[in-house]
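The primary structure of each chain is shown beneath.
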Amino acid sequence: MTWRSTTATLAGLCLALSAAPLPAAAHPRAADVSAHLALANPPGTPPGACPTGTGYGPPLPASSVTATKIQGGFSFLEGPVWVADGGYLLFSDMAAGTGPYNVQPSTIRRFTPPATFDTFLANAGSNGLALSADAQQIVAATHDQRSVSAYRLSDRTRSTVAANYQGRAFNSPNDVAVRSDGVVYFTDPNFQRGNRPDQMSGRTSVFRVSGGQVSLVDDRLRQPNGIALSPDGTTLYVGAYSENKIYKYAVQPDGSTGARSVFVNYVGGPDGGTIDCAGNVYWASGSDSLVHVYSPAGTQLGTIRSGTTGTTNVAFGGPDRQTLFVTSGPRGDSGLYSVRLNIPGYPY
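*Asks:* Could you clarify how one ought to interpret the sheet that holds strand β5 (residues 88-94) in this entry?
*Replies:* Two orientations exist for strands paired in a sheet by backbone hydrogen bonds: parallel and antiparallel. Taken in spatial order, the four strands make up an open sheet running β4-β5-β6-β7, and their pairing is antiparallel. Each having just a single partner strand, β4 (77-83) and β7 (116-121) make up the two edges of the open sheet. Averaged over all adjacent pairs, the angle separating strand axes in this sheet is 30°, with direction ignored. Note that β4 and β5 share five bridges and pair antiparallel. Across the sheet, Glu78 pairs through a bridge with Ser92, a residue of β5.

Pasting the structure below:
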């Protein structure tokens, strides 16, 4: 049985539906974009993510490439996002569950190339991260409060993007994608719900937040995990971890979605994903430690290896966004990896 896509009013943050022009400091510096002089801003792509007027070739330097380990020894890494204004990567580091409800604490850590790591925000309660439409906040899937939150980059203040659906608490929001006009999509499996009561009647779902209203995209997926938008904003991709499939949905100009279809039958347990500016799809695999790369038509183009197990998520970054950052590794020794690719892509 599928709930109706009615909407519920949320208290807290209301993301703007029409993204205002970025202040100068939020745009990539001229040196950052090098030869890419003109930047596109279609409905799906975050501001400044994709150069316009560029023809793209193969995304990978070879059909099988290996990412380089930057640093290990973390608890369990997830949700990388590149912040161009500042030139750093943020990612979630989740510890083992604690307390009577067995909820996993989470810290947002920062990597500033080439080799500096520090704590950006303790007790963030976060998993997947993305940039807000104006690039001034991090939108976070926050399992500590079973919500979607926003953290302002300037002062780390927290606000609420989505608190519940029709008065029911979410399971444990896992990953997020943000359209350039501020529409937010997120997945809600139960991986980090711990011992807290199930208010979703066993359903694990995908939701949309638009104009401060939350609506249902799909409640028929088994453990939806990673989520990503195509550069033109017309396709939403969702990895269903327990089905071993990646689905796609047609997206309308207002952000609403049509019927789903299978994008690929996956091997390895689809976790987090991202997209490059040519529309190629990169999906991290939980069991085979690979990032699988697909064309927009679903043809597998190759793989990226990082570590030996537990590859969780990916994001493009670096001055020209042609470095793919990968979070991967066993619990207790999770690591951050990177590999140089041929096409720039999404910062989350």
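*Asks:* Is there a simple way to think about the packing of aromatic side chains in this case?
*Replies:* Given two aromatic rings, one states the distance between the centres and the angle between the planes to describe the pair. Under the counting rule described, the total for this entry stands at 17 aromatic pairs. For the ring pair Tyr266 and Tyr294, a centre distance of 6.4 Å and an interplane angle of 50° mean the geometry is tilted. On the criterion of sequence distance, the pair formed by Tyr266 in the loop between β19 (257-265) and β20 (270-275) and Tyr294 in strand β22 (residues 290-294) is long-range, its members being 28 residues apart. Consider the rings of Tyr346 and Tyr348, whose centres lie 6.0 Å apart with planes at 65°: the pair is edge-to-face. Both residues of the pair, Tyr346 and Tyr348, count as buried. These aromatic residues form a ring-pair network of at least three members: Phe74, Trp82, Phe91, Phe111, Phe117 and Phe325. Here Arg110 stacks its cationic end above the ring of Tyr88, 5.2 Å away from the centre of that ring. Directly above the aromatic system of Phe76 lies the positively charged group of Arg331, at a separation of 4.1 Å from the ring centroid.

*Asks:* Sorry if this is basic, but what is going on with the nonpolar core here?
*Replies:* Considering soluble globular proteins, one finds that nonpolar side chains tend to be buried as a cluster. Among the nonpolar cores identified, the biggest contains 58 residues, and Leu90 and Phe186 are the most heavily contacted of them. Apart from residues no more than four positions distant in its own chain, Leu90 is found in contact with Gly79, Pro80, Val81, Val83, Ile108, Arg109, Arg110, Phe120, Leu129, Ile138 and Leu153. Ranked by size, the runner-up nonpolar core spans 14 residues in total, among them Val65, Tyr282, Leu324 and Leu341.

*Asks:* Explanation requested: unusual backbone geometry in the structure shown.
*Replies:* Note: most peptide bonds trans; most residues except glycine with negative phi. Residues Pro113 and Pro114 are joined by a peptide bond in cis, for which omega reads 10°. Structurally, Pro114 is set in the loop between β6 (106-112) and β7. Of note, Gln166 is a non-glycine position whose phi angle comes to about 50°, a positive value. With respect to the helices, strands and loops of the structure, Gln166 is situated in the loop between β11 (158-162) and β12 (176-178). Residue Gln166 is classed as partly exposed on the basis of its relative accessible area of 32%. One non-glycine residue, Ser289, lies in the positive phi region at around 60°. As for its placement among the helices and strands, Ser289 is situated in the loop between β21 (281-285) and β22. Residue classification places Ser289 among the buried residues on the basis of a relative accessible area of 0%.

*Asks:* I would appreciate a short explanation of the sheet that holds β21 in the present structure.
*Replies:* If you trace the five strands from one edge of the open sheet to the other, you get β2-β23-β22-β21-β20, paired in mixed fashion. The sheet is open, and its two borders are formed by β2 (64-66) and β20, each paired with just one other strand. Strand-to-strand twist in this sheet, taken as the mean axis angle between neighbours without regard to direction, amounts to 25°. Two strands pair when backbone bridges link them, and β21 and β22 are joined in this way by four bridges, in the antiparallel orientation. Among the inter-strand pairings, Val281 is bridged to a residue of β22, identified as Tyr294.

*Asks:* Sorry if this is basic, but what is going on with the environment of Val139 here?
*Replies:* Its place among the elements puts Val139 in strand β9 (residues 137-142). For the pair formed by Val139 and Tyr151, sequence separation is 12 residues and the distance between their alpha carbons is 6.5 Å. Not counting residues up to four positions away in its chain, the partners in contact with Val139 are Gly128, Leu129, Ala130, Leu131, Ser132, Val148, Ser149, Ala150, Val176, Val178 and Val184.

*Asks:* I would appreciate a short explanation of the layout of surface pockets in the present structure.
*Replies:* Left-over empty space is what a probe sized like a water molecule reveals as it rolls over the atoms. What the largest pocket holds in volume is close to 220 Å³. In this structure, the largest pocket is lined by 15 residues; those nearest its centre are Phe76, Phe191, Asn225, Asp271 and Arg331.

*Asks:* Before we go on, may I ask you to explain the pairing of β19 in this structure?
*Replies:* Regular strands place their side chains on alternate faces of the sheet. One ladder, built from six bridges, connects strand β18 (residues 245-251) with β19; its direction is antiparallel. The partner of Tyr247 across the bridge, within β19, is Val262. What sits between β18 and β19 in their antiparallel hairpin is a turn of five residues, with Gly255 showing a positive phi close to 95°.

*Asks:* What am I meant to see in the pattern of salt bridges here?
*Replies:* For side chains bearing opposite charge, pairing can occur when the charged atoms are close. Throughout the structure, instances matching the rule amount to nine salt bridges. Note that Asp218 and Arg220 form a salt bridge whose closest N and O atoms lie 3.0 Å from each other. You can call Arg220 partly exposed: its relative accessible area is 46%.

Reading the values: the criteria
- Residues numbered from 1 in each chain as written.
- Predicted model: local features only at pLDDT ≥ 70, side-chain atom pairs only at ≥ 80, totals over all residues.
- Heavy atoms only, no water.
- Pairing = 2+ DSSP bridges.
- Helix = DSSP H or I, 4+ residues; strand = E, 2+ residues; numbered from the N terminus.
- Axes fitted to C-alpha atoms, helices over the stretch in contact; angles between N-to-C directions.
- Phe/Tyr/Trp six-rings, centres within 6.5 Å; stacked < 30°, edge-to-face > 60°.
- Buried < 20%, exposed > 50% of the residue type's maximum accessible area, 1.4 Å probe, protein only.
- Lys NZ or Arg CZ within 6 Å of the ring centre and 35° of its normal.
- Core = buried A, V, L, I, M, F, W, Y, C linked by side-chain atoms within 4.5 Å.
- Contact = heavy atoms within 4.5 Å.
- 1 Å grid on protein atoms, 1.4 Å probe; cavity = no way out; pocket = protein on both sides within 12 Å on 5 of 7 lines; lining within 4 Å.
- Points joined across faces, edges and corners; volume = space filled by probe spheres on them.
- Salt bridge = Lys/Arg side-chain N within 4 Å of Asp/Glu carboxyl O.

Bear in mind that shape data such as this cannot, by itself, settle questions of function.
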